[in-house]
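# Observations on the three-dimensional arrangement
Listed here are the chains, written in short residue letters.
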Amino acid sequence: REGATITADPAKYLNIHEQVEHALMKEGGMSYEGAHELATGEERKAVEADGIDWNDYQKQILGIAKTFREKKLPCDALIYLGTGFCPSGWNTPRR
């Protein structure tokens with residue numbers, strides 16, 4: 001399983017992370033650091049519930065982030081993957 005390639009759509013899990021993080025900060029008054037830690041836990045639960053190894057998923061995300069850096073795209077734009085928010089070519093809706 002070492003070095004396994006996964007085909008999961010990270011947009012699903014990143015969306016869970018961002019929604020939880022936002023709610024905890026906005027409605028719960030939490031700091032970013034605390035909200036981020038809890039949101040990462042929820043993201044992990046969703047990833048693993050779909051039968052995906054967390055370490056493989058993290059490798060995929062880091063690979064995507066590396067591509068963003070190479071293309072000089074802001075890495076915080078990862079949260080918009082698959083949303084169609086920036087349909088100029090690098091981010092098209094998932095079908």
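Sequence order as written defines the numbering, with residues in each chain counted from 1. In keeping with the model being predicted, local features are shown solely for residues with a pLDDT of at least 70 and side-chain atom pairs are shown and tallied solely at 80 or more, while totals for entire chains, interfaces and linings include all residues. Values shown for side chains rest on all heavy atoms present in the structure; no hydrogens or waters enter the calculation.

### So, the nonpolar core
In terms of nonpolar packing, the biggest core is built from 14 residues, with Y13, L14, V47, I52, Y57, F68 and L78 touching the most fellow members. Looking at this core, the element that brings in the most residues is helix α3 (residues 54-70), giving 6 residues. What we call a nonpolar core is a set of buried Ala, Val, Leu, Ile, Met, Phe, Trp, Tyr and Cys residues that are connected through their side-chain atoms within 4.5 Å. Under the scheme applied here, a residue whose accessible area is under 20% of the maximum for its type counts as buried, over 50% as exposed, and between as partly exposed, the area being computed with a 1.4 Å probe on protein chains only. Numbering of helices and strands starts at the N terminus; helices are DSSP runs of H or I of at least 4 residues and strands are runs of E of at least 2.

### Considerations on unusual backbone geometry
For K72, which is not glycine, the phi dihedral falls at a positive 60°. The topology assignment puts K72 in the segment after α3.

### Some details on the pattern of salt bridges
For this document, the term salt bridge refers to a Lys or Arg side-chain nitrogen within 4 Å of an Asp or Glu carboxyl oxygen. By the definition in use, this model includes 4 salt bridges. E48 is the partner of R44 in a salt bridge, and the nearest nitrogen-oxygen pair spans 3.0 Å. With R44 and E48 both in helix α2 (residues 32-49) and 4 residues apart, this pair spans about one turn of that helix. E48 sits in the partly exposed class, given a relative accessible area of 39%. Note that E70 is salt-bridged to K66, the shortest N-O span being 4.0 Å. Of this pair, E70 and K66 both sit in helix α3, separated by 4 residues, roughly a single helical turn. Take E70: its relative accessible area is 55%, and that puts it in the exposed class.

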